[in-house]
Structures are given as C-alpha cells and as structure tokens.
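Residue-level structural notes
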Amino acid sequence: MGSLLRSLFAAEEELTPTQKLMYASEKLNNFRLISRLCATRSSYTLTANDLASVDLYVVLADLGQFAQLAYNIPETQYVFDNREMLLQPKYPFEGFEALRDAELLSAAKGTVAAVPVITRRLPSGDGYVHSGFYAMYEGCRDQVIDGVRQAFDGDDVQELAIVGHSMGGVLSYLLAVDVLAGQCPLPPGTPVTVATFGCPRLGDAALSQFWQQLVAQYQAANGEASVKDFSVKGLNDGVPSLPPVSWGYRHIACMPLYFYHGRLFHVPAAEAEHGVFTVEKDALDQTRIPDHPRGGHNYYNGRDAEKVVRRMYWLDRMMSEQSSGWQEKYLAKIAEFEQVK
C-alpha cells in the first residue's frame with residue numbers, strides 16, 4: 001500500500017523538508033487512495049469567481065475547531081478544563097483560538113459504533129438513510145437533544161451551530177433534520193448553522209429533497225438567514241465519495257464547498273456529487289507554497305489533525321511518566337519529533 005501511494009503522488013511538485021516529515025509521520029487514514037479510486041472528476045473548472053469570501057472562510061475555520069474536538073482525543077471536558085495549557089505554542093491545540101472564550105455546556109458519548117451497510121427509511125417517511133449511520137445517531141440522539149434544550153433553557157444562547165467532521169458530519173445533518181422538523185424545538189427565530197467537513201453521503205435523493213424542504217420552510221418562517229448549511233469536501237479526501245452514487249446515495253448540502261490548497265471554493269449544486277475539481281492557478285495564492293499539498297481527510301481549514309493527536313499522545317505520556325519537569329521533557333520531545341533534519 002505504501003509503495004502504491006508513493007507512486008500515486010510521484011508526479012506532484014517537490015515537497016519541502018517540513019512537508020516530507022509531516023507525511024512521513026502520518027498515522028491516521030487520509031483516504032487518498034479511496035479518492036483516487038472512487039471520486040469522480042467534475043467537468044466544471046473552479047475559478048476566482050467561485051472563491052468563498054474571507055469572512056466565510058474564517059467562520060468555517062473557527063467552527064472546524066469544534067468539529068476537531070469530536071475526535072475525543074482527549075475528552076472534551078479535559079480540553080476545556082486545561083485549555084490554557086493546551087492552547088500554548090507547541091501544545092496540541094495551538095492555534096485553536098475559538099476555544100479560548102468558549103463555554104462547555106455539556107458533553108456526551110454515543111452508544112453505537114458498528115456501521116452495517118443497509119438503508120432504512122427515516123421515521124418521518126421522507127427518504128432513506130444509511131441504517132448504520134442512523135443507528136449511530138440513535139445512540140446519541142437523546143443526549144444531544146437534551147443538551148441543546150438545556151443550553152437554551154438555562155443560558156443566553158442565541159444561535160445553534162451544528163458541526164462535524166467525517167462521520168460527525170452525518171450525525172450533524174441527522175440532528176439538523178430533527179431540529180428543523182421540530183423534534184428538538186428551539187426558541188422562535190433561532191438561527192441554525194450546519195457546517196460539515198469531509199462528510200460522506202448519508203441518504204438518497206428523497207432525503208436530499210426533504211432536507212431542502214425543511215430548510216425552505218424554516219427560512220420562510222424565520223428569514224432567509226435563519227438557516228446556513230455548508231458542507232466542505234477537500235482535495236484527495238475519499239470519504240465524501242462514499243457510499244457511492246451507484247448505490248443511490250446523494251449529498252444533501254444546500255451549499256457545497258471545496259477546500260483546495262488553502263482556498264475555499266463554492267461548488268455549483270449540479271456538481272455536488274463530484275470529488276475532484278480542476279482549479280485555475282489564478283484562483284490560488286501564487287506567493288506561497290501550500291501547507292498541505294496532498295490534501296486528505298485530516299487536513300481541513302489549514303490544520304493538521306494528525307499533529308493534534310500526535311502531540312496529545314506525547315503530552316499524556318510525559319505527564320503520566322514524570323512527576324516533575326514533564327513540561328520541559330514534553331517540549332523537548334516535540335522539538336525532536338517535529339524538527340526537520
């Protein structure tokens with residue numbers, strides 16, 4: 001597998017020493033081979049006219065920091081209890097500034113992990129959803145809905161943002177369906193934002209139409225800006241290409257986006273099922289080398305999720321093995337591991 005992946009990228013531009021070290025250190029699955037095998041190429045070329053605004057890029061980058069927490073490495077409560085330490089330079093959540101002023105209202109874990117491959121109709125009867133995905137959602141649904149209700153009942157919460165990466169994107173959409181369908185009632189007029197990154201297809205065309213109808217109904221009652229729905233897929237990420245279109249699955253996002261070499265592009269709705277796009281060079285930043293030129297499932301919003309996991313591993317190990325001076329030893333280990341030789 002390693003030699004096959006190397007041959008796939010042999011024609012790419014030369015990597016910098018830092019990038020070579022980054023890719024040599026990868027441990028997580030980035031689904032690049034799945035992308036090569038399963039993602040279809042759009043005939044539409046993305047240009048500077050398709051670029052998302054800087055404001056939208058920043059909003060999604062901030063929301064993506066909370067999607068990262070769903071990795072649960074470490075547990076969310078630990079992150080918030082120790083955020084001043086974890087946000088420091090060279091520590092796992094360096095650069096996650098959106099967490100600094102955030103308040104954790106509740107955290108929960110699902111009860112289902114296995115994902116069998118069949119489909120089932122939604123309880124509403126409006127479309128089919130992957131049964132394994134829905135079983136995972138049912139395993140956390142009550143806890144999440146209770147958490148949302150408690151947040152609006154006891155705190156000055158003015159907007160609901162539902163975010164998720166990978167399978168978390170699927171769970172985000174299923175929760176959003178419940179929210180807009182009234183299964184998780186919100187105060188009248190509450191704005192709802194859905195933001196997913198590297199989300200697989202979760203249901204059929206009827207589910208997509210049902211979602212569009214829910215969005216339109218909520219917007220008709222509360223204003224066009226009351227629902228925002230963003231789904232970002234990235235370069236060489238194969239997860240959004242699964243399950244395949246040939247099995248009847250479709251993406252449901254109202255606003256599909258494509259993350260490529262540090263730039264975010266709007267994708268025409270008619271091209272939403274494609275996972276590979278040609279991008280005009282004039283639409284890219286010609287003054288700098290892309291940080292993550294190979295893309296992949298764990299490189300959204302300009303962040304390297306692998307680095308968070310790796311640094312957390314060494315932090316936990318040093319803290320558990322050293323009674324004193326663990327900070328210096330941790331920083332020395334990170335410097336040794338991340339230093340380009």
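In case you missed it, the structure is sitting above this.
Quick summary incoming for the structure in this document. Source: prediction; values computed, not measured.

Moving on to the environment of aspartate 81. Structurally, aspartate 81 can be placed in helix H5 (residues 76-81). Separated by 23 residues in sequence, aspartate 81 and leucine 104 place their C-alpha atoms 9.4 Å apart.

Looking now at the pattern of salt bridges. Using the criterion set out here, one finds 13 salt bridges in the structure. Among the salt bridges present, the one from glutamate 26 reaches arginine 32, with a minimum N-O distance of 2.7 Å. Judged by its relative accessible area of 9%, arginine 32 is buried. A salt bridge links aspartate 178 to arginine 141; the nearest nitrogen and oxygen atoms lie 2.6 Å apart. Separated by 37 residues along the polypeptide, aspartate 178 in helix H9 (residues 167-180) and arginine 141 in helix H8 (residues 141-154) bring together distant segments of the chain. Among the charged side chains, a salt-bridge network with shared partners connects Glu84, Glu97 and Arg100.

Moving on to the nonpolar core. Tyr173, Val179, Leu180, Leu186, Val192, Leu202 and Trp211 are the most contacted members of the largest nonpolar core, which has 33 residues in total. Among the elements that take part in this core, H9 stands out by supplying eight residues, more than any other. Setting aside anything within four residues of it in sequence, one finds leucine 180 in contact with Val192, Trp211, Leu214, Val215, Tyr218 and Val227. Phe80, Trp314, Trp326 and Tyr330 belong to the second largest nonpolar core, which has 19 residues in total.

About the cut-offs
- Residues numbered from 1 in each chain as written.
- Predicted model: local features only at pLDDT ≥ 70, side-chain atom pairs only at ≥ 80, totals over all residues.
- Heavy atoms only, no water.
- Helix = DSSP H or I, 4+ residues; strand = E, 2+ residues; numbered from the N terminus.
- Salt bridge = Lys/Arg side-chain N within 4 Å of Asp/Glu carboxyl O.
- Buried < 20%, exposed > 50% of the residue type's maximum accessible area, 1.4 Å probe, protein only.
- Core = buried A, V, L, I, M, F, W, Y, C linked by side-chain atoms within 4.5 Å.
- Contact = heavy atoms within 4.5 Å.

Limitation: the analysis is restricted to geometry and does not speak to function.
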